[in-house]
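# Commentary on secondary and tertiary structure
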Amino acid sequence: MHVLVVNDDGPPSQLSSPYVHSFVDELQKAGVIVSVVLPHTQRSWIGKAHFAHIIVKPTYFRPGALHTDDGTTHTMPRRDGGEEWILIDGTPASCVQIGLYHYFQEKGLIDMVISGPNYGKNSTAIFSLSSGTIGGAMEGAICCKKSVALSYRFVSSNHDPVQIKGASQLSVRLIKHLYANWGLGVDLYSINVPLAVDNSKAKIIYTNILPNFWTMGSSFEEIEAPADIDETPQERERELQESELPEESPKDEVIVKGLKHRHFRWAPKKLADVHSAYGSGPGNDGWALKEGYISVTPLKANFMHVPGFEGELSLPNKVEIPALEKISLQDSAYEPSYALVKYDDEYVQSKLLRALQRIPNIKFIQDVKKVPKNGKTLQWSAYEQIDFDHLLETPDSSLACSYIIRKALIRKHFLAHTIHVHVTKNPASILSQSFAESYALELDYAEYLDEALAEAYELRDSLASNDEKSPDERCWWILKPSMSDRGQGIRLFGTMEELEEIFTSFEEDEENGKDDDEDDDSKTDTPADGRNKDTSVVTSQLRHFLVQKYVHPPLILASSRKFHIRAYVLAVGSLRVYVYKNMLALFAASEYKAPWEVTNEDLSGCLTNTCLQTGEREGSVQLFWDLEKNGMLPGAYNKEGTLQDIWEKLCKITGELFSAAAVGQRVHFQTLPNAFEIFGIDFMVDVDLNVSLLEVNSYPDFRQTGDELSSLIDGLFERVVDVAVQPPLTGDKECEAIDMEKVLDIELGSW
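Structure report, in brief.

Definitions and cut-offs
- Residues numbered from 1 in each chain as written.
- Predicted model: local features only at pLDDT ≥ 70, side-chain atom pairs only at ≥ 80, totals over all residues.
- Heavy atoms only, no water.
- Helix = DSSP H or I, 4+ residues; strand = E, 2+ residues; numbered from the N terminus.
- Buried < 20%, exposed > 50% of the residue type's maximum accessible area, 1.4 Å probe, protein only.
- Contact = heavy atoms within 4.5 Å.
- Areas by Shrake-Rupley, 256 points an atom, 1.4 Å probe, with all protein chains shown as cover.
- Core = buried A, V, L, I, M, F, W, Y, C linked by side-chain atoms within 4.5 Å.
- Expected span 1.5 Å × (residues − 1).
- Polar contact = N/O pair within 3.5 Å; in protein donor to acceptor, adjacent residues only side chain to side chain.
- Salt bridge = Lys/Arg side-chain N within 4 Å of Asp/Glu carboxyl O.
- Patch = residues over 30% accessible without salt bridge, like charges linked within 9 Å, V, L, I, M, F, W, Y side chains within 5 Å.
- Pairing = 2+ DSSP bridges.
- Axes fitted to C-alpha atoms, helices over the stretch in contact; angles between N-to-C directions.
- Lys, Arg positive; Asp, Glu negative; His and termini not counted.
- Charge placed at Lys NZ, Arg CZ, Asp CG, Glu CD.

This paragraph deals with the overall build of the protein chain. Check the secondary structure of the protein chain and you find 18 helices and 28 strands. The buried share of the protein chain, reckoned over its 751 residues, is 55%. Pairs at least 24 apart in sequence give 77% of the contacts found in the protein chain among residues at least 6 apart. For the protein chain, the accessible area works out to roughly 33900 Å², and carbon and sulfur atoms hold 49% of it.

Shown next as structure tokens:
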């Protein structure tokens, strides 16, 4: 079990943060792997805020002896293998973000976020809503981690090490119990533990948050200005935590005309909290602490109490966290479901496992045949490794990450046919304007080119007319082998002679080729070895070709490079289709040149496939929605609404495309109610902001984001789990499709 500990009180300090070191020590003694990120100074009362306009900078803390202030802080990490915590000049919520996503990967996935222990209680609404401790746990919850806000209520500022140790030991037991028995619908727990001589006999009570209000006037006190205030944040927080005695009535003030210049210091009247707790009935956190109980408050990440948790919670004498393969890391109230995750790419595998841990009571397995009868099973694997027989034999309990047959979309010549048939029947379709004029060619040898062009007479006529034109006046065409991907075999041409030369060059290399497999439906655009360095093509892919009118001039952004949009599209069941809003803009390696200015030996300025690029690929991958902010939209395009207009056209094209395949090409696109699939769809934009569909990729290359933007893929997998995986496995209703635009919703049933 790997836990991230954050707080709002800062590094260990007998003045203002006296509990965190003891708690971390007890976690470690219990066999928990602990990583620690704390604010570098006191950050109480800050809620779930982030400092949006500062650069967060870390320092590195070596804890000293327990209950002392002899820890040391360093500007750079040490390399001697000793225990080291991270301090940042940010908030508790920022500590969570930094800890989850930027450090500690070598320790494995983080299973839980614990925020605290706070110096003082965090009970009732007026304090919970401002609590940095609860804010840290909230941030963990919305990052899809089980999260706990832990606070210690004290009655004396004399920090007794024995009491602190006892509270920490009990807190570890309680949190381990909650982790192994996570409540249905709970996002986080807020726990308040009173410091006492013997906490072992204290009742642990499920509570709600007492709703209360500031009823005793301002939470600030006036001080004369200018005032010499030398208090540190740590000293001020200690004053606030110890200020639960009534204040003297203010003396009469001399009435003066006009505004008086004053300063104000935060000084909440804690008696408002005390009075409301004493006046309330049982069941809330304020009442529980008043009675000396330990309060456990289940919460949603929207500050709503989770119903169904009442009465006393009894801890067993020993709480153990079972191994992952033996029990779910989630709520035991759900029936177990089983996931076989077997992705060839470890980069993707780790992200899939992290996303699937959102599912209650999920168990990871190695063989679907060993799942108990009627056990709900997910296969999220490479196409070739999916047991489709099992999928078809158990339609009510089995789910897979791919349809069996979808060549109507992922084969270039089938895609062109799908669109042609649909547009013929629906001439007003948006696809009639968003897919370049195309012709399918089928030939084995260059000598059969004339025969292959017999039915593509419009293409033949265009090439013939080009002979009479200068290169810059010609209609240019692009040749794509239908079964290739990653830019392989793509060539530009404008005349019949140039097309013949292309096929002759293919033929010269064919002696080393292999037979093609026309029925292979396992095409992906995931690089086998990471990157390709040229546009050479495997001859087994040279039988079916697609010729398309080349989109010129494309929209060229401020970088002077051509780009295309990569959209991730989720198809679910039979058939809902969603477009993931977080799209990529993928740029060519070099400055764009017109087709007559380049040769087929160097298409680096015309092809936007990032897999053709080597090195750092600086600027080649950007977030689509950041193009305007990054100053990439030139001239007249640099205005509000340009990107939104492209997005809306893209969504409409996608919905129409899947409808065309699912309804009109049911032999070559067969939906299954117990399957889903992520496609990578590429679009081009021209100078008139017309959006053109380029191609559809199954098993897209998720590494295209690079490390800097890899969180986009984390978010994608999480949304896929919410929409397509968790509902059929658990019986839950479909979650809200955050960052997903539904573009099609039809029900075709099984094939």
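Picking up where we left off.
As for its placement among the helices and strands, Ser190 is situated in strand 8 (residues 188–194). In this view, Ser190 contacts Asn122, Ile134, Ala149, Ser295, Val296, Thr297 and Leu299; residues no more than four positions away in its chain are not counted.

Moving on: the nonpolar core. Ranked by internal contacts, the top residues of the largest apolar core, which has 95 residues, are Trp380 and Phe658. No other element matches helix 17 (residues 642–664), which puts eleven residues into this core. Once residues within four sequence positions are removed from consideration, Trp380 is found in contact with Leu340, Val341, Lys342, Leu352, Leu356, Cys401, Phe676, Ile678, Phe717, Val720, Val721 and Val725. Residues Leu27, Leu87, Ile175 and Tyr189 belong to the second largest nonpolar core, which totals 42 residues.

Our next topic: helix 5 (residues 161–180). Between its terminal C-alpha atoms helix 5 stretches 29 Å, which fits the 28 Å expected from 20 residues at 1.5 Å a residue. Among the 20 residues of helix 5, 14 are classified as buried, and the element is accordingly described as predominantly covered. Among the residues of helix 5, the N-terminal cap falls to Asp160, whose side-chain oxygen and the backbone nitrogen of Val162 are separated by 2.9 Å.

Applying the stated criterion to the full structure yields 24 salt bridges. In this structure, Lys369 engages Asp387 in a salt bridge whose closest nitrogen and oxygen atoms are separated by 2.9 Å. In this pair, Lys369 is assigned in the loop between strand 15 (362–364) and strand 16 (376–381) and Asp387 in the loop between strand 16 and helix 10 (388–393), connecting sequence segments 18 residues apart. Note that Asp722 is salt-bridged to Arg719, the shortest N-O span being 3.4 Å. Here Arg719 and Asp722 lie together in helix 18 (residues 711–730), a separation of three residues that amounts to about one turn. Here Asp722 and Arg719 have matching classes, each one buried. Salt bridges linked by common partners bring Asp25, Glu26, Lys29 and Lys165 together as one network.

Glancing now at a nonpolar patch on the surface. A surface patch of nonpolar side chains, amounting to about 210 Å² of accessible area, comprises Phe51, Ile54 and Val56. Its place among the elements puts Ile54 in the loop between strand 2 (33–39) and strand 3 (58–62). Owing to a relative accessible area of 39%, Ile54 belongs among the partly exposed residues under this scheme.

Another point: the sheet that holds strand 15. Overall, parallel pairing links the four strands, which are arranged 15-14-16-17 in an open sheet. Since the sheet does not close on itself, it has two edges, and those belong to strand 15 and strand 17 (398–400), each with one partner. Strand-to-strand, the axes of this sheet are offset by a mean angle of 20°, without reference to chain direction. In this structure, strand 14 (residues 337–342) lies alongside strand 15, joined through three bridges in parallel fashion. Counted as the bridge partner of Tyr338 is Lys363 from strand 15. Lying on the sheet, helix 9 (residues 346–356) is in contact with strand 14, strand 15 and strand 16; it crosses strand 14 at an angle near 165°.

Once that is clear, we can look at the side chain of His74. Relative to the helices and strands, His74 resides in strand 4 (residues 72–74). The exposure class of His74 is buried, given its relative accessible area of 16%. Those residues in contact with His74 that sit more than four places away from it in its chain are Thr59, Tyr60 and Arg62.

The next point concerns helix 1 (residues 20–29). The buried count for helix 1 comes to eight of ten residues, which makes it a mostly enclosed element. Along helix 1, the positions that sit buried rather than exposed are Val20, His21, Ser22, Phe23, Val24, Asp25, Glu26 and Leu27. Residue Gly31 follows helix 1 closely and has a positive phi angle near 85°.

Okay, the sheet that holds strand 18 (residues 438–442) next. Read across the sheet, four strands follow the order 18-21-19-20 without closing on themselves; strand pairing throughout is antiparallel. Each having just a single partner strand, strand 18 and strand 20 (491–493) make up the two edges of the open sheet. The sheet shows a mean angle of 25° between the axes of neighbouring strands, direction not considered. Two strands pair when backbone bridges link them, and strand 19 (residues 477–481) and strand 21 (residues 544–549) are joined in this way by five bridges, in the antiparallel orientation. In the sheet register, Trp477 faces strand 21, and the bridge partner there is Lys549. Against the sheet, helix 12 (residues 412–425) makes contact with strand 18, strand 19 and strand 21, and its axis sits at roughly 55° relative to strand 21, the strand it touches most. Running over the sheet, helix 15 (residues 457–466) touches strand 18, strand 19, strand 20 and strand 21 and is turned about 135° from strand 19.

The subject of this paragraph is a negative patch on the surface. Negative charge collects at one region of the surface, where Asp450, Asp467, Glu468, Glu497, Glu500 and Glu501 lie side by side. It is helix 16 (residues 496–508) that contributes the most residues to the negative patch, three residues altogether. Note on placement: Glu497 falls in helix 16.

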